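Commentary on secondary and tertiary structure
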Amino acid sequence: MTEQFTPPPARGCASTPVLKERGQHEVFCGLTGIIWLHRKMQDAFFLVVGSRTCAHLLQSAAGVMIFAEPRFATAILEETDLAGMADAQQELDRVVSELLARRPDIKQLFLVGSCPSEVIKLDLAKAAERMSAQFAPNVRVLSYSGSGIETTFTQGEDACLAAMAPVLPHTEARELLLVGALPDVVEEQAVGLIEAMGIGPIRVLPASRVNDEYGIGPNTLYALTQPFLTDTHEALQRRGAQHIAAPFPFGEEGTTQWLRAIADQFDVSEAKFAEVTDAPRARARKAVAQASEAIKGKSVFFFPDSQLEIPLARFLTRECGMDAVEVGAPFIHKAVMSSDLNLLSEGPVIAEGQDVDRQLDRCRAARPDLTVCGLGLANPLEAEGLTTKWAIELVFTPVHFFEQAGDLAGLFSRPVRRRALLKLEAAE
Amino acid sequence: MKLTVWTYEGPPHVGAMRVATGMKGMHYVLHAPQGDTYADLLFTMIERRNHRPPVTYTTFQARDLGADTAYLFKDAATAAYERFKPEAMIVGASCTAELIQDDPGGLAETLGLPIPAIPLELPSYQRKENFGADETFFQIVRALAKPMEKTAHVTANLIGPTGLGFRHRDDIVEVTGLLMDMGIEVNVVAPMPATPSEIAKLGQAHFNVLMYPETAETAARYMERAFGQPHTRTVPIGVGATRDFVAEVAKLAGVEPVLDDSRLRMPWYSASVDSTYLTGKRVFLFGDGTHVAACARIARDEMGFEVVGMGCYNREQARMLRSLAKDYGVEALITDDYLEVERRIEELAPEMILGTQMERHIGKRLGIPCAVISAPVHVQDFPARYSPQMGIEGANVIFDTWVHPLVMGLEEHLLTMFREDFEFHDEAGASHHGHKAKLREMGIKDSLKTETDSAEPLQTNLGPVEIVWLPAAEKELKKIPFFVRGKAKRNTETFASERGVSEISVDTLYEAKAHYAR
């Protein structure tokens, strides 16, 4: 492919001072990740140890109830558990035995900590260890925390994968590991592209079944597919695995650079790389150009939500011609984010954390053409005349890699096109 | 510890949010961790509200717990007052904050805000959403409303409507109309959409219309004691209940009962010959106690259904519903475990479910039509059109809503006559829905599936006798259309077991059919 990308900015946002906010956070907690993780890992069950609020969140967060009996549930703490009248560990044993008796198809069980279980210091790691011994070899029991006092939204997936990293077997093999729970269609595309370059076997974390697992070790090379996997990144480093740093695979540019970083590690020739990527790159470029017609030259404001904000701002500014006003992220892990920050041209406010009312003030003052925000803010802002894109859809829709680049641009342009389309006034 | 998959009610602080969000000029400062803000989307997405719920969350984090979380609450409350300038505030804790015992009520008092800050004690680990709404409204009334001189004209308060309520928006309009027709003015509607200053004037009404006991019964009782205001006991859902309501109101107000029923079509629609096919349809009801009780009466007396079971998820209404169920000759199911509800429905094999969104999904899985009569709400329960449950129009709406999921009269006969037709067969469901009833996705046993696909002989354990279906009888059973197959199977098995018959033949099937003929 001869066409080049827009040259990297003279000054990226990597050294831009970050506006750190401490106030009301309008974000989900890490439990929300269970909504997609339980579909990805088909032999896993997620048992939240928490309150009625946790159960209500899981049921409400996705906006729909998944009424095929879901592979998640909440063990709701009751007055007796809190008053110490019942031994919480024994109660948990009883609930888990009940559950596993009813669902013999379950091979891995995640005990998921919540705000209340963290506050009462219920030791789920200890419980997981005891239960693993009890139910081995049929069921592996792991624990992680998805509590709101420790995790935001997508950090739940991070905590889950980070809990899996230490129990993977050891290997000395030089293998590529792709990290992040991607929709199946996207994962297959990624694996297909990399295999076509002659790299393999390719491992993915999380695997869809526990029996599909593999080893990791000092010769494992891993690439993150999601920007929120920071604890997993650190857990893999502790196992000696080596990180392939790259921008995240959103859009033509992100995907190409991400693949290039992998190709370089496995000595793939320029010619081979071009042979594999030229056609899908051209398709992606064409699709993005079409889908971004309506948003070219328009401004965008990101409220913090999924951690995808910085890579997406990079995609929207460099490939779709948008101007970023503010890019808010729940937290910013510089090591993981630096490739994207370097490509994001200096200018927008980079914000970490949130004080939602103050951020709303800034947003109203800026009157961006498009505001990317959570479900709690979208309709109220629409009612104020701002065009919004609800951020949760970016996590629930296949948006990675070449073939989805046009869809990704479309997610942002559709609200803008819709607003232009609707004519609800009288003709005269 | 209780294993829970889906819940009918949220935690009590969500009930408090429903009250605050329904009101204007009220602000809720909630001591809560990051993530509890999910509840905002219930209002902005499900109910499509065009403003954020008036709730400030303190958003404490793990690192705050070692230090002092109380100052977070004080800062948040002060900032919320300054930014939103509400007329009054409610303050409280979500489940996690309840554990750290910061006492939001006491802290708010020390701030010396120039407005009332009403403390809420909502035990998150014992009670649920409806309790939260009821208790919050009661505390607001107790703090803000004072005894007052009654209005010169007869007036009433409408109490109970909240944010995220099942058709509350439209019921208010309908009940206001019923009262107006009798020359009774509405004093205050609360909590939705009242302001704190309107709450203060509750005492000047002559009586209260208790629209939803779930959310306003405690307040109604309090106002009866404190302001000498009697309250209505009849919830005007259905034709008969609306007439009773009018009579009750007339008595309380000392006026003539007047009901303008010129727009009432429901009784004629129910009497018209097309509705003959509704006769004796076996229905199961589940939801909140108030809606189930009202809908049971409509089902039996106004639609001509047979009520085969009923239940509610809110324990507060358990006693009322148990005694009502006795009148219907059934046993009430009081549970908040939807798996238990599903088991009961499978056992009873009704021809129709009148339930909540949860039962709608149970019905989908079992191939049983379902109409929604009660919260918990779904985005579909907030239609753009006027769609009340109460009063005259409510009765019309209910007729349409309940008939819609059913296979229509003649279509039912055609399905029975030509059941093997490749595109018009019983697995396809009612033709006006254009989709097939879906069986369960996952590896859970499905009774209908076992019936049709199993190579094993069909076995049922009903009481002491184990009953086996002989192959010919099982084949015959499959020829019965899906919407009555469950009933036929159950009737035949009951018939067999009562007679100590352990093998069901084609003859047994038809003997049972003759026995239950009506």
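Quick caveat: nothing in here was measured; it's all calculated off a predicted structure. (Residues numbered from 1 in each chain as written. Chains lettered and ligands numbered in written order. Predicted model: local features only at pLDDT ≥ 70, side-chain atom pairs only at ≥ 80, totals over all residues. Heavy atoms only, no water.)

1. Details of the overall build of chain B
Counted only if it meets this: We count a stretch as a helix when DSSP gives it H or I for four or more residues in a row; a strand needs E for two or more, and each element gets its number in order from the N terminus. Three exposure classes are used, based on accessible area relative to the maximum for each residue type with a 1.4 Å probe and protein chains only: buried under 20%, partly exposed in between, and exposed over 50%. Residue contacts are counted whenever heavy atoms from the two residues lie within 4.5 Å of one another. Each accessible area is a Shrake-Rupley result for a 1.4 Å probe, and residues are judged covered by the shown protein chains and nothing else.
A tally of helices and strands in chain B yields 22 helices and 16 strands. Evaluated residue by residue, chain B yields a buried proportion of 61% over its 518 residues. Sequence separation of at least 24 residues holds for 71% of the intrachain contacts in chain B that already meet a minimum separation of 6. Total accessible area on chain B stands at roughly 20900 Å², and carbon and sulfur atoms take up 52% of it.

2. Observations regarding helix α14 (residues 356-366) of chain A
Worth spelling out the cut-off: Arc, as used here, means the arc of the directions from the helix axis to the C-beta atoms.
Val-356, Asp-357, Gln-359, Leu-360 and Cys-363 of chain A are the residues of α14 of chain A that are buried. Seen along its axis, α14 of chain A keeps its buried residues to an arc of 155°; they face one direction. Those residues of α14 of chain A that are buried lie in contact with β10 (299-302), β11 (323-329), β12 (349-354), β13 (370-373) and α15 (375-383) of chain A together with α4 (70-84) of chain B.

3. Side note on the sheet that holds strand β7 (residues 185-190) of chain B
Residues and elements named next belong to chain B. To keep it simple, the criterion reads: In this description, strands pair whenever DSSP reports at least two bridges between them. Axis definition: a line fitted to C-alpha atoms, limited for helices to the stretch in contact. Angles are taken between N-to-C directions and run from 0 to 180 degrees.
Read across the sheet, 3 strands follow the order β7-β6-β8 without closing on themselves; strand pairing throughout is parallel. At either margin of the open sheet sits one strand with a lone partner, and together these are β7 and β8 (207-210). Across the sheet, the axes of successive neighbouring strands diverge by a mean angle of 25°, strand direction being ignored. As paired strands, strand β6 (residues 155-159) and β7 are joined by 4 bridges and run parallel to one another. Looking at β7, one finds that Ile-159 is bridged to Ala-190.

4. Focus: a nonpolar patch on the surface
As a reminder, the rule being used: Exposure above 30% relative accessible area and the lack of any salt bridge qualify a residue for a patch; like charges then connect within 9 Å, and the nonpolar side chains Val, Leu, Ile, Met, Phe, Trp and Tyr within 5 Å. By definition, a salt bridge exists where a carboxyl oxygen of Asp or Glu is found within 4 Å of a side-chain nitrogen of Lys or Arg.
Residues Leu-421, Leu-422 and Leu-424 of chain A make up a contiguous nonpolar surface patch of roughly 360 Å² in combined accessible area. Following the sequence through the fold, Leu-421 of chain A ends up in helix α17 (residues 405-421).

5. Re the environment of Ile-362 of chain B
Residue and element names in this part refer to chain B. Looking at where Ile-362 falls in the secondary structure, it is placed in helix α16 (residues 357-366). When the C-alpha atoms of Ile-362 and Asp-400 are compared, they prove to be 21 Å apart, with 38 residues separating the residues in sequence. Dropping the residues within four chain positions of it, Ile-362 is found in contact with Tyr-338, Val-341, Glu-342 and Ile-345.

6. What to know about the interface of chain A and chain B
To keep things clear, this is the line we draw: We define buried area as the total accessible area lost by two parts upon association, computed with a 1.4 Å probe and summed across both. We call two N or O atoms a polar contact when they sit within 3.5 Å, provided that within protein one can donate a hydrogen and the other can accept it, with sequence-adjacent residues counted only if both atoms are side-chain atoms.
Listed per partner, the contact involves 67 residues of chain A and 58 residues of chain B. Taking both sides of the interface into account, the surface hidden between chain A and chain B amounts to around 5600 Å²; carbon and sulfur atoms contribute 61%. If you look at where chain A meets chain B, you find 4 salt bridges. For Asp-64 of chain B, the salt bridge identified is with Arg-22 of chain A, shortest N-O distance 2.7 Å. The tally of links between chain A and chain B comes to 21 residue pairs in polar contact (both at pLDDT 80 or more). Elements that contribute at least two residues to the side of chain A that touches chain B include exactly β2 (44-50), α2 (52-61), β3 (72-76), α3 (79-82), α4 (88-102), α5 (115-119), α14 and α15 of chain A. Of the residues forming the side of chain A that touches chain B, the biggest block, 8 residues, is contributed by α4 of chain A.

7. A closer look at the pattern of salt bridges
Here the structure, examined in full by the defined rule, presents 42 salt bridges over all chains. For Lys-128 of chain B, the salt bridge identified is with Asp-336 of chain B, shortest N-O distance 2.7 Å. Pair noted here: Lys-128 of chain B is in the loop between β5 (117-119) and α7 (129-144) and Asp-336 of chain B is in the loop between β11 (332-334) and α15 (338-348), with a separation of 208 residues, a long-range link. By relative accessible area, Lys-128 of chain B is classed as buried at 14%. According to the relative accessible area criterion, Asp-336 of chain B is buried, its value standing at 14%. If you follow the salt bridges from partner to partner, you end up with Glu-21, Glu-326, Arg-358 and Arg-362 of chain A in one network.

8. Focus: unusual backbone geometry
Each neighbour pair has its own omega, and for Leu-205 of chain A with Pro-206 of chain A the value is 0°, a cis peptide bond. Along the chain, the position of Pro-206 of chain A falls in the loop between β7 (202-205) and β8 (221-224). Looking along the chain, the bond that leaves Ala-375 of chain B and enters Pro-376 of chain B is cis, with omega of 5°. Following the sequence through the fold, Pro-376 of chain B ends up in the loop between β13 (370-372) and α17 (391-403). Although it is not a glycine, Asp-267 of chain A adopts a positive phi angle of roughly 50°. Counting through the fold element by element, Asp-267 of chain A comes out in the loop between α10 (251-265) and α11 (270-291). For Arg-48 of chain B, which is not a glycine, the phi torsion comes out positive at approximately 55°. By secondary structure assignment, the location of Arg-48 of chain B is in the loop between α2 (40-46) and β3 (55-57).

9. Thoughts on the packing of helix α12 (residues 309-318) of chain A against α17 of chain A
Residue and element names in this part refer to chain A. What counts is decided by this rule: Should an angle lie under 35 degrees it is considered roughly parallel, over 145 roughly antiparallel, and from 65 to 115 roughly perpendicular; all remaining angles are considered oblique. Gly is put with the polar residues, along with every residue not named as nonpolar or charged; the nonpolar set is Ala, Val, Leu, Ile, Met, Phe, Trp, Tyr, Cys and Pro, and the charged set is Asp, Glu, Lys and Arg.
The N-to-C vectors of α12 and α17 enclose an angle of 90°; their axes lie 11 Å apart at closest approach. The pairing of α12 with α17 is recorded here as roughly perpendicular in orientation. Where α12 abuts α17, its residues Leu-312, Phe-315 and Leu-316 lie against Ala-405, Leu-408, Ala-409 and Phe-412. Split by residue class, the contact of α12 with α17 holds 7 nonpolar, no polar and no charged.

10. A word on the packing of aromatic side chains
We apply this condition: Two rings from Phe, Tyr or Trp (for Trp, the six-membered ring) form a pair when their centres sit within 6.5 Å of each other. Planes less than 30 degrees apart are called stacked, planes more than 60 degrees apart edge-to-face, and all others tilted. Consider the ring centre and the ring normal. A charge sits over the ring if Lys NZ or Arg CZ is within 6 Å of that centre and within 35 degrees of that normal.
Under the definition given, this model contains 15 aromatic pairs over all chains. Ring geometry for Phe-110 of chain A and Tyr-144 of chain A: centres 6.1 Å apart, planes at 70°, overall edge-to-face. Of the two residues, Phe-110 of chain A is situated in strand β4 (residues 108-113) and Tyr-144 of chain A in strand β5 (residues 140-145); the sequence distance between them amounts to 34 residues. According to the relative accessible area criterion, Phe-110 of chain A is buried, its value standing at 0%. Residue classification places Tyr-144 of chain A among the buried positions, given a relative accessible area of 7%. The structure contains a cluster of three or more aromatic residues connected by ring pairs, namely Phe-28, Trp-36, Phe-153 and Phe-396 of chain A. One residue, Arg-300 of chain B, lies across the ring of Tyr-328 of chain B, its end atom 3.9 Å from the ring centre.

11. Digging into the confidence of the model for chain B
Should the pLDDT be low somewhere, the predicted coordinates at that spot are not to be read in detail. Residue and element names in this part refer to chain B. Cut-off, in case you're wondering: pLDDT measures how confident the predictor is about each residue, on a scale from 0 to 100.
Counting all residues, the mean pLDDT for chain B is 89, and 88% of those residues have values of 70 or more. Here residues 434-455 scores under 50 on pLDDT; set against residues more than four positions off or in separate chains, the count is 36 contacts. Predicted complex metrics record ipTM = 0.94 and pTM = 0.90.

12. Remarks on the environment of Asp-68 of chain B
All names here are of chain B. Tracing the sequence through the fold places Asp-68 in the loop between α3 (62-65) and α4. On the basis of relative accessible area, Asp-68 is assigned to the partly exposed category, the value being 40%. A sequence separation of 34 residues divides Asp-68 from Asp-102, and the C-alpha atoms of the two residues are 9.3 Å apart. Polar side-chain contacts of Asp-68 include one of 3.0 Å to the backbone nitrogen of Ala-70.

13. Description of the packing of helix α1 (residues 12-22) of chain B against α7 of chain B
All names here are of chain B. We apply this condition: Crossings are assigned a handedness: left-handed for a near helix turned anticlockwise from the far helix by less than a right angle, right-handed for a clockwise turn.
Here α1 crosses α7 at 50°, and the two axes come no closer than 6 Å. With respect to α7, the axis of α1 lies oblique. In terms of crossing hand, the pair formed by α1 and α7 is right-handed. Counted together, Pro-12, Val-14, Gly-15, Ala-16, Arg-18 and Val-19 of α1 and Glu-129, Asn-130, Gly-132, Ala-133, Thr-136, Phe-137 and Ile-140 of α7 form the full contact between these two elements. Taken together, the residues of the contact of α1 with α7 break down into 7 nonpolar, 4 polar and 2 charged.

14. Here's the deal with the side chain of Ser-413 of chain A
Residue and element names in this part refer to chain A. In this structure, Ser-413 sits in helix α17. A polar contact of 2.8 Å, which involves the side chain of Ser-413, links it to the backbone oxygen of Ala-291. Filtering out sequence-adjacent residues up to four positions away, Ser-413 remains in contact with Ala-291, Ala-294 and Ile-295.

15. Here's the deal with the sheet that holds β2 of chain A
In spatial order, the strands read β5(A)-β4(A)-β2(A)-β3(A)-β1(B); together these 5 strands make up an open sheet with mixed pairing. Of all strands in the sheet, those bounded by a partner on one side alone are β5 of chain A together with β1 (2-4) of chain B. On average, adjacent strands in this sheet sit at an angle of 25° to one another, irrespective of strand direction. Relative to β5 of chain A, β4 of chain A runs parallel, the two being bridged by 6 bridges. Each residue of the ladder has a partner; that of Val-112 of chain A, found in β5 of chain A, is Tyr-144 of chain A. On the sheet, helix α6 (residues 124-135) of chain A packs against β2, β4 and β5 of chain A and is oriented at approximately 175° with respect to β5 of chain A.

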